[in-house]
Amino acid sequence: MLKAEHLTVRYGEKTVLKDLSLQVCEGEWWTVVGPNGAGKSTLAGALGKTVSYEGTITLEGKDIRQIPQQEYARKVGVLSQNHSAVYGFTVEEVVNLGRYARYTGFLRKGDPDGAAKIDEALKLTGLADMRKRNMLTLSGGESQRVFLAQVLCQDPEILILDEPANHLDLPFQQELFSMIGEWLKEPGRAVITVMHDLSLARKYGSHALLLNKGQCAGQGKASEVLTPEALKSVYDMDVYGWMRTLLETWKE
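Along each chain, the written sequence defines residue order, and numbers are assigned to residues from 1. Where totals are concerned, whole chains, interfaces and linings use all residues; where local detail is concerned, this predicted model gives features only for residues with pLDDT of at least 70, and gives and counts side-chain atom pairs only at 80 or more. Calculation of side-chain values draws on the structure's entire complement of heavy atoms; hydrogens and water are dropped beforehand.

Asker: Would you mind going over the sheet that holds strand β2 (residues 14-24) with me for this structure?
Answerer: Strands in a sheet are paired, the pairing made by backbone hydrogen bonds, and the direction either parallel or antiparallel. For two strands to pair, DSSP has to find at least two bridges joining them. The numbering of helices and of strands both runs from the N terminus, where a helix is a DSSP run of H or I of at least 4 residues and a strand a run of E of at least 2. Pairing in this open sheet of 4 strands is antiparallel, and the strands run β2-β1-β4-β5 from one edge to the other. At either margin of the open sheet sits one strand with a lone partner, and together these are β2 and β5 (62-63). Two elements, strand β1 (residues 2-11) and β2, share 7 bridges in a ladder whose sense is antiparallel. Considered in β2, the bridge of K3 is made with Q23. Residues are treated as being in contact if the distance between any of their heavy atoms lies within 4.5 Å. Axes here mean lines fitted to C-alpha atoms, for a helix over just the part in contact, with angles spanning 0 to 180 degrees between N-to-C directions. Packed onto the sheet, helix α1 (residues 40-47) meets β1, β2 and β4 (54-59) and runs at close to 120° relative to β1.

See below:
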């Protein structure tokens with residue numbers, strides 16, 4: 001569905017992502033993990049057409065540089081890590097912005113499914129009762145759910161989510177990843193999530209891309225990539241041992 005070949009991103013003289021290739025197929029849930037500064041968000045930005053890059057990214061075989069932004073947004077929904085509500089729009093108004101990719105007529109006409117998709121997105125993210133709330137009155141976790149609903153409202157085929165659990169408390173983290181898993185069951189869909197939490201990456205991702213200093217340190221099935229040896233090499237610590245130590249604190 002989405003393929004990157006020899007992807008390189010530079011900021012001035014600094015190379016942030018180097019010669020990375022990745023192929024995402026239908027039904028796959030890719031988790032992108034690695035230490036701070038590994039290039040995870042930069043990769044999400046390149047795939048989402050917000051970061052300039054060298055190399056090639058294709059969507060269903062077509063170079064994404066040749067795909068108009070509105071057309072691309074019908075296929076790919078992107079939740080960035082950094083967003084904020086500056087103006088006092090309502091929750092419903094912000095979610096509705098996700099439907100711009102589906103407008104086909106003048107003055108926002110030609111979107112007969114819009115209202116239903118907005119309702120569905122609000123319900124999926126637990127915001128149905130908050131649709132008239134002012135965005136400026138929301139907590140960080142509530143705002144995160146609004147922007148997630150905006151992406152879901154696009155009705156894309158591929159989700160690119162940069163730290164989607166950011167600011168969310170544990171119940172909503174659980175609901176979020178379970179919801180994504182259900183969303184992925186529909187044919188013709190795929191998910192890419194940038195994550196810091198290795199436990200969530202291992203539990204939910206079918207595939208993993210492990211980055212280190214802008215380069216691929218491993219990719220493939222999550223169980224084969226997120227091994228004790230690979231993680232120790234990248235994080236310079238016994239990740240598995242640390243996870244077991246944390247688990248011990250919950251034993252009676």
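Asker: How do you make sense of the packing of aromatic side chains when you look at a structure like this?
Answerer: Aromatic ring pairs: the centre-centre distance and the angle between the two ring planes describe each pair. Between rings of Phe, Tyr and Trp, where Trp is taken as its six-membered ring, a pair exists when centres lie within 6.5 Å; planes separated by under 30 degrees are stacked, by over 60 edge-to-face, and by other angles tilted. Using the criterion set out here, one finds 3 aromatic pairs in the structure. For the ring pair F177 and Y204, a centre distance of 5.1 Å and an interplane angle of 20° mean the geometry is stacked. Placement of the pair is F177 in helix α6 (residues 170-184) and Y204 in helix α7 (residues 198-204), with a sequence separation of 27 residues. Taken together, W29, F177 and Y204 form an aromatic cluster joined through their ring pairs. Each ring is checked for a lysine NZ or an arginine CZ that lies within 6 Å of its centre and within 35 degrees of its normal; such an atom marks a charge sitting over the ring. Note that K49 overlies the ring of Y72, its terminal NZ or CZ placed 5.3 Å from the centroid. Note that R145 overlies the ring of F172, its terminal NZ or CZ placed 3.6 Å from the centroid.

Asker: Honestly, a nonpolar patch on the surface in this entry has me stumped. Any pointers?
Answerer: Exposure above 30% relative accessible area and the absence of a salt bridge qualify a residue for a patch, where like charges join within 9 Å and nonpolar side chains (Val, Leu, Ile, Met, Phe, Trp, Tyr) within 5 Å. What sets the accessible areas is the Shrake-Rupley method with a 1.4 Å probe; for residues, cover comes only from the shown protein chains. One speaks of a salt bridge when a side-chain nitrogen belonging to Lys or Arg is within 4 Å of a carboxyl oxygen belonging to Asp or Glu. Taken together, the side chains of M237, W242 and L246 define a hydrophobic patch exposed on the protein surface, amounting to about 280 Å² of accessible area. Here W242 is to be found in helix α10 (residues 239-248). Classification of residues uses two cut-offs on accessible area relative to the type maximum, computed with a 1.4 Å probe and protein chains only: under 20% is buried, over 50% is exposed, and between them is partly exposed. The exposure class assigned to W242 is partly exposed, which follows from its relative accessible area of 45%.

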